Structures are given as structure tokens and as C-alpha cells.
Amino acid sequence: MAITPRVRVPDTASVGESVLIKALINHPMESGQRRDRDTGERIPRMIIHTFEVTFNGREVVTFYPQGAVSQSPFFEFYLKVPEAGELNFKWIDDEGSVFEISKSIAIS
Amino acid sequence: MNLSRRRALVLGGAAISVTLIPLEAAIAGVEETRATIDAFTGGAELLEGDITLTIPELVENGNMVPVSVAAPGALSIMLLGDDNPVPEVMTLNFGELSGSSEASVRIRLAGTQNVIAVAKMPDGTFISTAREVGVTIGGCGSS
């Protein structure tokens, strides 16, 4: 299954407004604790270890999940909108895969 | 009284659940949790302060437990589960454009345990809170 991020970002906001952002990505978040039922071998960890959110290149929030963050991690947080611009989301996992998406916010 | 198993579990969980646990009691017995917190704080004392952890007292499924944490003004927050195989659940940093030092995430809990939040404040101090969560079916190690 393709890993596709989904985010909820308001189209418009006023300058200085704090807006709720939601981000979901369908990722197995294999914790590294489970064992294969047949072989008894530990299944290697394969999680998103970094989730960075920036607005016009400035940091909004950065999450560093461990194996105890649930499958298909869902994050909610707040952005203080300083001006119109691009909100960029970037997920990085243990295999080095990078998933990115951007949304623009206009000033109302 | 003829209680079903599920009902008995719910009642039992409700009876033992404690809303707020004194922090030292919550973490004193778990060395690895302590070490993880010390690595985050540099060994600084954990103070009480304006930090809120919102989490159900009792969950059936430990694979997806919704958690919200808020600590106004905090620069970063670490979330831990003191009886998980790896105590650290997540650390997050709030950047210059963070609207509010709060966030929500869904986490795995291996069993009934304390969930702890430690926040780094702008003055270099660390504040903390903990809550016990009853878990009927654990997450993490289950396949």
C-alpha cells in the first residue's frame, strides 16, 4: 500500500492567528518489539522517527516518535500564522524514505 | 452478584485508577524511565507547573491511546510510558511559529502504567506531570 500523507490545514487565516493543524500518514510504525509468529524472530523496527513541520522555512513543530507511537500516526498541533505562505510537512522513516506535502495558507 | 468478565474488568479498572499520582511515586521504581528523563533534563529537578496531560483513565486497546499534552510556553516536551519496553514514547520541539505549546498524538501502551510528560521551559527548568492509564489489552509487543 502506498504511503500517502493527509493533512488538514485552513485555506485562510488572519495574521497572528493560531490555527489547528492535523496530519495523518498511513505507516506501519513497526515497533521493533513484535516477533514473527512462525519463526519467533524479532521484526525489525521501522517507524517514522522524525516529523518536521515548517512554514516558509521556519520551524513550527518537530516530533521525534519512538516505537510507542501508534500505527498510522496522527498528530495535532497549532501554527501561528505570521503571513501568507506554504506549510510544509516532512516525515522520515527508518528506511530513509521521506514523505512530503505542502499546503498554502492565504491571509483573509 | 453475577458479573461478566468485561464488567468485572471495567469495575476493577475504575476502582484502582487514580487520577493524579504524586510524581516521585510514579517514577521512582522504574530505573530506565528515570534514566530516559535524566537524559532529557540533564538531571535537573522536576518541578510542578502548568502542564496538562489529557488521556483516558481506562482503555480497552493499548494500541491506539489518544494523548494530548499542553504546557504553555514550553520549548519541548517528552512523553513516556513507565512500563513500556522503551519508556520514551515521543519527544517534540516547538518552533518559533508554534501557535501553542500543545499537541495530540495516539500512542501504544503495553499494559496498565503511568504516562509521564516532562516539559522544558524557557527559563531552563523542567516541569512534569503523570497519570495512570488502565489498559485491558496491551499494545506494543502483541502481534
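Residues numbered from 1 in each chain as written. Chains lettered and ligands numbered in written order. Predicted model: local features only at pLDDT ≥ 70, side-chain atom pairs only at ≥ 80, totals over all residues. Heavy atoms only, no water.

K.L.:
Got a minute to help me understand the overall build of chain A in this structure?
P.N.:
A count of helices and strands for chain A gives zero helices and eight strands. The secondary structure elements of chain A, listed N-terminal to C-terminal, are β-β-β-β-β-β-β-β. In terms of its C-alpha atoms, chain A occupies a principal-axis envelope of roughly 60 × 20 × 20 Å. Restricting to contacts in chain A with at least 6 residues of sequence separation, those with at least 24 account for 57%. (Helix = DSSP H or I, 4+ residues; strand = E, 2+ residues; numbered from the N terminus. Contact = heavy atoms within 4.5 Å.)

K.L.:
I'm lost on the overall build of chain B in this one. Help?
P.N.:
When you go through chain B residue by residue, the secondary structure sums to three helices and nine strands. In chain B, the order of α-helices and β-strands from amino to carboxyl end is α-α-α-β-β-β-β-β-β-β-β-β. Within chain B, the fraction of its 143 residues that count as buried is 48%. Look at the contacts in chain B between residues 6 or more apart in sequence, and 66% of them connect residues 24 or more apart. Per element, the accessible surface of chain B, about 6700 Å² overall, is 53% carbon and sulfur. (Buried < 20%, exposed > 50% of the residue type's maximum accessible area, 1.4 Å probe, protein only. Areas by Shrake-Rupley, 256 points an atom, 1.4 Å probe, with all protein chains shown as cover.)

K.L.:
Which parts of the structure should I look at to understand the interface of chain B and chain A?
P.N.:
Often, the extent of an interface is quoted as the loss of accessible area on bringing the components together. Contacts between the two partners involve 30 residues from chain B and, on the opposite side, 33 residues from chain A. Across the chain B to chain A interface the summed buried area is about 2600 Å²; carbon plus sulfur atoms make up 52%. Remark: the boundary between chain B and chain A carries one salt bridge. The partner of arginine 58 of chain A in a salt bridge is glutamate 96 of chain B, and the shortest N-O contact between them spans 3.4 Å. Across the chain B-chain A interface, the total number found is 17 residue pairs in polar contact (both at pLDDT 80 or more). When residues of the side of chain B that touches chain A are assigned to their parent elements, the largest contribution, nine residues, is made by strand E7 (residues 98-107) of chain B. (Buried area = accessible area lost by both parts, 1.4 Å probe. Salt bridge = Lys/Arg side-chain N within 4 Å of Asp/Glu carboxyl O. Polar contact = N/O pair within 3.5 Å; in protein donor to acceptor, adjacent residues only side chain to side chain.)

K.L.:
Sorry, what's going on with the confidence of the model for chain B here?
P.N.:
All names here are of chain B. Confidence along chain B averages 84 in pLDDT terms, with 77% of residues attaining 70 or more. Low pLDDT (under 50) marks residues 11-20, which in the prediction has 11 contacts with non-local residues, meaning those over four places away or in another chain. Below a pLDDT of 50 lies the segment residues 25-29, which in the model reaches nine contacts outside its immediate sequence neighbourhood of four places, other chains included. The ipTM value of the predicted complex is 0.93, and its pTM value is 0.85. (pLDDT = per-residue confidence, 0-100.)

K.L.:
What am I meant to see in the environment of glutamate 45 of chain B here?
P.N.:
Residue and element names in this part refer to chain B. Tracing the sequence through the fold places glutamate 45 in the loop between helix H3 (31-41) and strand E1 (46-47). According to the relative accessible area criterion, glutamate 45 is exposed, its value standing at 61%. Separated by 42 residues in the primary sequence, glutamate 45 and proline 87 place their C-alpha atoms 19 Å from one another.

K.L.:
How should I be thinking about the nonpolar core in this particular structure?
P.N.:
Membership of the largest hydrophobic core comes to 54 residues, with the highest contact counts inside it found for Phe77, Leu79 and Phe89 of chain A. Excluding residues within four positions of it along the chain, phenylalanine 77 of chain A makes contact with Val19, Leu20, Ile21, Phe51, Val53, Val60, Val61, Phe63 and Phe89 of chain A together with Glu102 of chain B. Ile37, Phe40, Met78 and Ala130 of chain B belong to the second-largest nonpolar core, a separate cluster that totals nine residues. (Core = buried A, V, L, I, M, F, W, Y, C linked by side-chain atoms within 4.5 Å.)

K.L.:
Looking at this structure, how should I read the environment of aspartate 11 of chain A?
P.N.:
Along the chain, aspartate 11 of chain A falls in the loop between strand E1 (5-8) and strand E2 (12-13). Sequence separation of aspartate 11 of chain A and serine 102 of chain A is 91 residues, and the distance between their C-alpha atoms is 12 Å.

K.L.:
Hey, could you run me through the side chain of serine 128 of chain B in this one?
P.N.:
Inspection of the secondary structure assignment puts serine 128 of chain B in strand E9 (residues 126-137). According to the relative accessible area criterion, serine 128 of chain B is buried, its value standing at 8%.

K.L.:
In this structure, what is going on with the sheet that holds E7 of chain B? I would like to understand it.
P.N.:
Each strand in a sheet pairs with another by means of backbone hydrogen bonds, the pair being arranged parallel or else antiparallel. The six strands are arranged E1(A)-E3(A)-E6(A)-E7(B)-E4(B)-E2(B) in an open sheet whose pairing can be described as antiparallel. Each of the sheet's edge strands pairs with one partner strand only, and the pair in question is E1 of chain A together with strand E2 (52-54) of chain B. Direction aside, the axes of adjacent strands within the sheet are offset by 15 degrees on average. Across six bridges, strand E4 (residues 65-70) of chain B lies against E7 of chain B in antiparallel orientation. The partner of alanine 70 of chain B across the bridge, within E7 of chain B, is glutamate 102 of chain B. (Pairing = 2+ DSSP bridges. Axes fitted to C-alpha atoms, helices over the stretch in contact; angles between N-to-C directions.)

K.L.:
Quick question: what am I supposed to make of the pattern of salt bridges here?
P.N.:
Here the idea is simple: oppositely charged side chains can pair when their charged atoms come close. In total, this model carries five salt bridges over all chains according to the counting rule given. The closest approach of N and O atoms between lysine 22 of chain A and glutamate 76 of chain A, which form a salt bridge, is 3.8 Å. Here the residue lysine 22 of chain A occupies a position in strand E3 (residues 18-25), and glutamate 76 of chain A occupies one in strand E6 (residues 74-80), the gap between them amounting to 54 residues. A relative accessible area of 18% places glutamate 76 of chain A in the buried class. A salt bridge links aspartate 94 of chain A to arginine 45 of chain A, with the nearest nitrogen and oxygen atoms 3.0 Å apart. Taken together, the residues span a long stretch of sequence, with aspartate 94 of chain A in the loop between strand E7 (85-93) and strand E8 (98-107) and arginine 45 of chain A in the loop between E3 and strand E4 (48-55) at a distance of 49 residues. Each of Arg58 and Glu83 of chain A together with Glu96 of chain B takes part in a single network of salt bridges with overlapping partners.

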